[in-house]
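# Observations on the three-dimensional arrangement
If you want the building blocks of each chain, they are given just below.
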Amino acid sequence: MGHHRPNSRSKGKRNRLDDYAETTAEIFRNVLSTRQVTEDDVNQPYMIWKPACQGCRVNTKDNPNCFCGLTPPTNGSRRSGLWQKTSEVVNALGPDPSDDRRASPETPAGLTNLGATCYANSILQCLYMNKSFRDGVFSIEPDVLKQQPVLDQLALLFAKLHLYKMAFVDSAPFIQTLELDNGVQQDSHEFLTLLFSLLEQCLSRSSVLKARTIVQDLFRGGVSHVTTCLKCGNESEASSKIEDFYELELNVKGLKNLEESLDDYLNVEELQGDNQYYCDSCATRVDATRSIKLRSLPAVLNFQLKRCIFLPNTTTRKKMTSAFCFPEELNMTRRISEHFQSELIYDLSAILIHKGSAANSGHYVAHIKNENTQQWWEFDDEHVSNLGCQPFGKGSSHSAVKPSQTEKLDHSSSDVITENGNRPDAGERQASNTDVTEVKTFSSCDAYMLMYVLRCPKDGENMSIDSSGDKEEKKACTSSEADSHLPSHLYEEVEKLNDSYVDLCEQYKTKKESELNCITERRQEYGGGPTLAKDDYCIDCLFEVAQSMARADTYRDRRTLMKELAEAALAGDCLNEKLYYISKPCRGSIGNNLSTSQGWGKVCVHSTLPRPHLWDCTGLQQWLRRKNVDSPCEADAGPTASIRCPHGQLMPEQASGARRVLIPENLWNFICEIAMAVKPDDSAGCSTFFSDSEPCSQCSIQLSEVACIEDTLREFKLKQRQSHERLAMGKSIPLLPGIRYYLLRSSWLSTWKSYSNSSGKSAPCAEPETLDAVIDLLMCEKHSRLLERPPDLACKRGNFLQKLPTVSI
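Rules used in this analysis
- Note that residues are indexed from 1 along each chain, following the sequence as it is written.
- Under the rules for a predicted model, residues below a pLDDT of 70 receive no local features and side-chain atom pairs below 80 are neither given nor counted, while totals for whole chains, interfaces and linings still include all residues.
- By convention in this description, side-chain values take in all heavy atoms of the structure and omit both hydrogens and water.
- The helix and strand labels rest on DSSP assignments: H or I over at least four residues marks a helix, E over at least two residues marks a strand, and numbering proceeds from the N terminus.
- We call a residue buried when its accessible area falls under 20% of the maximum for its residue type, exposed when it is over 50%, and partly exposed in between, using a 1.4 Å probe and counting protein chains only.
- Whether two residues are in contact is decided by their heavy atoms: any pair within 4.5 Å suffices.
- Method for areas: the Shrake-Rupley scheme with a 1.4 Å probe, in which residue coverage is limited to the protein chains shown.
- Between any two strands, at least two bridges found by DSSP are needed for them to pair.
- The salt bridge definition used is simple: a Lys or Arg side-chain nitrogen within 4 Å of an Asp or Glu carboxyl oxygen.
- Structural elements are reduced to axes, namely lines fitted to C-alpha atoms, with helices fitted over the stretch in contact, and the angle between N-to-C directions of any two is expressed from 0 to 180 degrees.
- Each angle receives one of four descriptions, namely roughly parallel if under 35 degrees, roughly antiparallel if over 145, roughly perpendicular if within 65 to 115, and oblique otherwise.
- Two helices that cross are described as forming a left-handed crossing if the nearer one is turned anticlockwise from the farther one by less than a right angle, and a right-handed crossing if clockwise.
- Note on patches: the residues involved have over 30% relative accessible area and no salt bridge, like charges join within 9 Å, and the nonpolar side chains Val, Leu, Ile, Met, Phe, Trp and Tyr join within 5 Å.
- The span expected for a helix works out to 1.5 Å for each residue beyond the first.
- Regarding the arc, it is the one traced by the directions from the helix axis to the C-beta atoms.
- Nitrogen and oxygen atoms within 3.5 Å of one another constitute a polar contact, given that in protein one can donate a hydrogen and the other can accept it, and given that sequence-neighbouring residues count only through two side-chain atoms.
- His is not counted, nor are the chain ends; Lys and Arg add positive charge and Asp and Glu add negative charge.
- Throughout, a charge is located at the NZ atom of Lys, the CZ atom of Arg, the CG atom of Asp or the CD atom of Glu.
- What counts as a ring pair is set by centres within 6.5 Å for rings of Phe, Tyr and Trp (its six-membered ring), and what kind of pair is set by the plane angle: stacked under 30 degrees, edge-to-face over 60, tilted for all other angles.

A few words on the overall build of the protein. When its secondary structure is counted, the protein shows 21 helices and 30 strands. Every one of the 809 residues in the protein was classed for burial, and the buried ones make up 40%. Here the contacts in the protein between residues at least 6 apart in sequence split such that 67% fall between residues at least 24 apart. Summed over all atoms, the accessible surface of the protein reaches about 46500 Å², with 49% contributed by carbon and sulfur.

The next subject is the side chain of Thr227. Note on placement: Thr227 falls in strand 3 (residues 221–229). Not counting residues up to four positions away in its chain, the partners in contact with Thr227 are Asn234, Glu235, Ser236, Ser239, Leu271, Tyr277, Ala288, Thr289 and Arg290.

Our focus in this paragraph is the pairing of strand 5 (residues 248–251). Of the two faces of strand 5, the one holding Leu248 and Leu250 is buried and the one holding Glu249 and Asn251 is not buried anywhere. The pairing of strand 5 with strand 10 (residues 300–306) spans 4 bridges and is classified as parallel. Bridge assignment links Asn251 to a residue of strand 10, and that residue is Lys306.

Let's shift gears to the side chain of Asn121. Secondary-structure assignment places Asn121 in helix 4 (residues 118–129). Residue classification places Asn121 among the buried positions, given a relative accessible area of 2%. Beyond its immediate stretch of four places on either side in the chain, Asn121 contacts Leu111, Thr112, Asn113, Ser171 and Asp381.

Our focus in this paragraph is the pattern of salt bridges. This model, assessed by the stated rule, comprises 13 salt bridges. A salt bridge links Arg334 to Asp263; the shortest N-O distance between them is 3.8 Å. Taken together, the residues Arg334 in the loop between strand 14 (329–331) and strand 15 (345–355) and Asp263 in helix 12 (residues 258–265) connect sequence positions 71 residues apart. A relative accessible area of 41% places Arg334 in the partly exposed class.

Two numbers describe how helix 4 lies on helix 9 (residues 188–203): the axes approach to 9 Å, and their chain directions differ by 55°. Taken together, helix 4 and helix 9 sit at an angle that is classed as oblique. Considering the relative orientation of helix 4 and helix 9, their crossing is right-handed. On the side of helix 4, the interface is formed by Tyr119, Ala120, Ile123, Leu124 and Leu127, while helix 9 contributes Ser188, Phe191, Leu192, Leu195 and Phe196.

What follows deals with a nonpolar patch on the surface. A contiguous nonpolar patch, built from Leu736, Ile739 and Tyr741 and spanning about 270 Å² of accessible area, is present on the exposed surface. Within the secondary structure, Leu736 is located in the loop between helix 19 (725–728) and strand 27 (744–745). When its relative accessible area of 45% is taken as the criterion, Leu736 is described as partly exposed.

Summarising the element assignment, Val144 is placed in helix 6 (residues 142–147). Along the backbone, Val144 and Ser204 are 60 residues apart, and their C-alpha atoms lie at a distance of 10.0 Å. Setting aside residues no more than four positions away along its own chain, Val144 makes contact with Leu151, Arg205 and Ser206.

Right, let's talk about the sheet that holds strand 6 (residues 269–271) for a bit. Here 4 strands make up an open sheet; going across it, the order is 4-3-9-6 and the pairing antiparallel. At either margin of the open sheet sits one strand with a lone partner, and together these are strand 4 (243–245) and strand 6. For this sheet, the mean angle separating the axes of adjacent strands, direction not counted, is 35°. Across 3 bridges, the pairing between strand 3 and strand 4 is antiparallel.

Turning to helix 9, a few remarks are in order. For helix 9, which comprises 16 residues, the first-to-last C-alpha distance of 22 Å matches the rise-based estimate of 22 Å (1.5 Å per residue) to within 8%. Among all positions of helix 9, only Ser188, His189, Phe191, Leu192, Leu195, Phe196, Leu199, Cys202 and Leu203 are buried. Seen end-on, helix 9 carries its buried residues on one side only, within an arc spanning 150°. Residues of helix 9 that are exposed and point over 90 degrees away from its buried face: Leu194 and Gln201. Taking the backbone nitrogen of His189 as reference, a side-chain oxygen 2.9 Å away marks Asp187 as the first, capping residue of helix 9.

All right, on to a negative patch on the surface then. Where like charges cluster on the molecular surface, the negative patch consists of Asp499, Asp503, Glu506 and Glu513. Looking at the element boundaries, Asp499 is found in helix 14 (residues 488–526).

To continue, consider the packing of aromatic side chains. Overall, the coordinates contain 13 aromatic pairs when judged by the stated rule. Judged by centre distance (5.7 Å) and plane angle (40°), the ring pair of Phe196 and Tyr246 falls under tilted. In this pair, Phe196 sits in helix 9 while Tyr246 sits in the loop between strand 4 and strand 5, placing the two residues 50 residues apart along the sequence. Accessibility classification places Phe196 together with Tyr246 in one group, the buried group. Cluster of aromatic residues (ring-pair linked, three or more members): Tyr128, Phe133, Phe158, Phe196, Phe219 and Tyr246.

Its 12 residues place the ends of helix 4 16 Å apart at the C-alpha level, agreeing with the 16 Å of an ideal helix rising 1.5 Å per residue. Counting buried residues in helix 4 gives 12 out of 12 residues, a clear majority hidden from the surface. Residues of helix 4 that are buried include every one of Cys118, Tyr119, Ala120, Asn121, Ser122, Ile123, Leu124, Gln125, Cys126, Leu127, Tyr128 and Met129, and no others.

On to the pairing of strand 29 (residues 799–802), then. Note: strand 28 (residues 793–796) against strand 29, 4 bridges, orientation antiparallel. Note that in strand 29 the partner of Cys795 across the bridge is Phe800. Linkage of strand 28 to strand 29, two consecutive antiparallel strands, is achieved through a turn of 2 residues, within which Arg797 is found at a positive phi near 55°.

What follows concerns unusual backbone geometry. Glycine aside, residues mostly have negative phi angles, and peptide bonds mostly take the trans form. A positive phi angle, close to 60°, is found at Arg35, a residue other than glycine. Even without a glycine there, the phi angle at Asp381 is positive, about 55°. Along the chain, Asp381 turns up in the loop between strand 17 (376–380) and strand 18 (383–388). Exposure remark for Asp381: the relative accessible area of 9% places this residue in the buried category.

Printed below as a string of C-alpha cells:
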C-alpha cells in the first residue's frame, strides 16, 4: 500500500481521532484493566494486519511492512535506500576531482569563466580549433615565449586545451596577462581585433616563418575603395591603395541572408549632383561611382554581423534580433575583383553566438566544427557539448535557430540552398540550365560572427587567392595533413599538470574507499540489530503505553474541569472562597527574569531593579488558550514567577508584567501540582500568595521614586516643547533684528527634538550632549574659527529665514 500525501487543504491541521484510533485506545484500556494481552490486542496497535508495501517515496509511517526507505523495490520511484546513501564523512571529502575528467581525447576542453569573460573564451576556442593557427603557436621558439608573456600564456593555454586530462582549463593566467577586467562584458569582435594586433607585434620577434606571419597568412585580406570617373573612365589614385582587413563587417538590418549582405557591402554608389567627384584627368567635377573591391581573400574569412546599431535619438545601442540565413558552403569566386581559374569555395567552420536581447550584456557561446571529424561542438565556457553533423544540432528546437526556407540559386553566381539539404526536383534542375549542387543553409537570430575556411585544392592544383599580382602561393587550407603535436617544453609542462591531477584523483579515490570500507565494516559488525518477528513484542512497553494513555485521559479530564474555574476567575466569579494570586498577563508582555521558571511569566520592573534578561511572558490567559494538551509541559512551570519580587514577596501590580488574578484553592492546587511535577526543584516559581498578601514595601518605594523622576522629566520636556514649539516642530524661525542668535549642529537639534517629544517607554536611554561640547565641534582647534559656512538666508514675505542648513541657527 503506497503512502498518500495529505491534501493541501488539511495541511497544518490536527488530525481527528478516527475509528482506528478509538479502537486502539479501547484495546489499551482493556489491557490495563485485565493485565492480559491477546493476539488481537497486538495486531491492532502494531498494525501487523497491513499488507506489504509495493513502492513508496519513503517508509510509510503507519505500515510496519514498508521497507521502501531501507531497500526500495525496483519498481518504486526511489533508486537508493538508507544503506545506499552517501555518508556525511564521505561528503566531507568534497567533490570527486575525477568527475571533471575529460570524456575522451577527442572531446574538446572548455574554458573557465572568470565572471564576464565568455567573449574571450569563445574567441580563444575558435582560434584553438583552427589547426593551422594552433600549429603556428606551437612552433614559437621557447626563447621568444620567455620574452613575451602573452605568447607564453597563449601557447600554454593551447597546450592544455590539447592534452590536459581535465574537461576544462583555467583561463585566468592568460586573461590576467592581457590585464582584462573580468567583471566587465566586452565585445568579442573588438577583442579579436585587439588580440590580432597584439599577436602580430609579439610574433614579429620570432625567427620561425610559420609563426611570425601566421596571423597575416590566415586572417588578413585586402580591399580597395575604388572611385571611377564616368566621363573618362579613370580611377582615382587612392583606388590603387590596398587596405588590410581581418574581418568583413556586414549589415544585417533589412537584409535576409549572407548573400544580400555581401551585395550590400560591395554595392556600387553613384556620386551625382552635389556629391559629384572631382576628376584630376578631366579637371572638373563629374559623375562617378564608388565601391569596395576585394583584392585578396584570407584563408580564414570572418564575417562580423552588425547586429548592434546606434540609436541617435536615445544615444544607445540596440541589438537586431531578426533571423539571418547563411550557407554551409560559400562561393566567393565572383566576389573578388580578378578572375581565378580555381573556384574560391569556403566551408562554414565556426559561428559565434550572442545570447540575449541587450547590446551591452548577454552571453557568448561558440559553435565550432572539428576539421578532422567534421563534428560540430558547442563551447559554452566550461561546458562543451557535441552537436553532431549540424552546427545547431539535429532537430534543434531553439527558438533562435531553425532551418531556413528552400531557395534556388544558380551555381555560377552563388549556392543552391535547399531546406535540410534535400535535392531539388527534376523540373527545378531543368529550369536552372546550370549545374546544381546541394548546399545546406542555416538561420539564426543570434549569430554574431561567422567564420569560413577556404577549402583545400585538389591534388596538383595551385591555390593563389591574391589578385594584386603577387605570385607568392599561400597555404590557404587549414585542414592540415596531421594533427598538432606539442613541442617538448609544452608537452613536459602539461604532463606535470596531468600527473598532479591524476595523483589528486587517486588520493581522493583512496580516501573514499578507506571511508567506505570502514563504514561497511561497522555495518557488518552491527548487523542491523536483532531480527524481530510478529511475536517479539514487549509486554512492558504495551503496559507502559496503556498507562501513559490512561494518564493522558485523566489529565485531559481534570484540565477540562479546571478550565471552567479559570474562566470564572478571569470573569471575577470566584467570591466567598479561599483565593490565591497567580500571573495573569497574556503572551506578548516583556518581563525581567528573576526566577528559574520559563512558563508563567517573568518579572519586569523599572530600571532601578536589575534586568538580567528579557523574554516573553505567559499567564492564566495563555494557559487557557492552549489546546489539545495531553500531558504537562515546560509551559506549566512557574505560575507565580512573574509576580514574585527579588525579595521573595508579592510584586506591586504597578510593575511591568506583574499583573495578577485571584483563583480558587482547588484550581491553585491543580496548577501547583502540575508545575512541581514538571520542575520539582523550582519551589520559588510556585510561591504562594493569598488574597490578603501585601505587596513588597521595598519594591513599592522604588516604584514611587522612579515614577516621581519620570513625572519630573515629563514636566521638564513639556516645558521645553512649549518654550521652543517651532523648533520642536521642525519649522524655520524668522530672524529678527536686534536679537542674538547662536549656531549649533542640525544633527544635535534632531536628537534634542526626539528626546523632548518622547515620553514613557519610548523615551531614549541617553540625553543629548551638552551645548558647550556641541558648539566646540563647530570651531577649528587651531584657529578657533568656524569649520563650516553658516547657512544662507532667504527673504520670504518680508522675513529672513535660513535655508536648509547643515548647521542651524
